[in-house]
Amino acid sequence: MNKTQYFYLLLALISGGFLAAMIFFNSQLALFYSPAESSWFAHGIGGLTALILIFSLNQGKQQLFAKNDQTPWWAYLGGLPGAFTVLLAGITVNSHLGLTGSLALGLVGQISFSYLCDYLGLLGLEPKKMTLRDLVSLCLICGGSLMIIFSRGAI
């Protein structure tokens with residue numbers, strides 16, 4: 001592997017760690033409030049932080065937001081999966097599933113939806129046929145996730 005591939009691998013590992021930490025902290029917040037309120041807190045703080053960054057980085061420039069008529073309607077729905085992730089994590093992490101089971105089910109959902117998008121050509125992608133390798137990897141991920149969940153006695 002070259003330096004760029006190591007860099008991307010490191011970024012993937014760091015982002016996975018941040019995802020686990022985010023789910024943990026939001027679920028702890030959901031213990032004191034409700035899962036919906038913890039989602040509002042997380043996204044409210046994130047929204048304020050984004051606005052501060054936008055205004056501070058674009059200080060002195062005329063146009064803060066570029067208008068692009070080529071953007072598809074579904075591109076504006078990016079925050080919905082994040083909101084549901086925080087909401088459902090607040091519910092599942094505080095249940096028998098725990099953090100590991102919640103992350104395992106999240107992984108299964110992400111991989112399954114990715115394969116569906118590839119196969120059907122959703123979100124502007126070129127349709128791709130599912131190969132045997134794809135099917136085997138999906139089965140292994142699902143099997144590993146089920147082992148995590150059932151070995152903990154979650155269900």
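Everything quoted here is computed from the prediction, not taken from an experiment.

Right, let's get into the packing of aromatic side chains. Counted under the stated rule, the structure contains three aromatic pairs. Aromatic side chains phenylalanine 7 and tyrosine 8 sit 6.1 Å apart centroid to centroid with 50° between the ring planes, which places their arrangement in the tilted category. Classification of phenylalanine 7 by relative accessible area gives partly exposed; the value is 46%. Taking the relative accessible area as the measure of exposure, tyrosine 8 reaches 54% and is therefore exposed. Between tyrosine 33 and phenylalanine 41, the aromatic rings sit 5.0 Å apart at their centres with planes inclined by 75°, giving edge-to-face as the arrangement. For tyrosine 33, a relative accessible area of 44% puts it in the partly exposed group.

Here we come to the environment of isoleucine 148. Tracing the sequence through the fold places isoleucine 148 in helix H5 (residues 132-151). On a C-alpha basis, the gap between isoleucine 148 and phenylalanine 32 in space is 27 Å, while along the polypeptide they are 116 residues apart. Residues in contact with isoleucine 148, not counting those within four places in the same chain, are Thr100, Gly101 and Ala104.

What counts and what doesn't
Residues numbered from 1 in each chain as written. Predicted model: local features only at pLDDT ≥ 70, side-chain atom pairs only at ≥ 80, totals over all residues. Heavy atoms only, no water. Phe/Tyr/Trp six-rings, centres within 6.5 Å; stacked < 30°, edge-to-face > 60°. Buried < 20%, exposed > 50% of the residue type's maximum accessible area, 1.4 Å probe, protein only. Helix = DSSP H or I, 4+ residues; strand = E, 2+ residues; numbered from the N terminus. Contact = heavy atoms within 4.5 Å.

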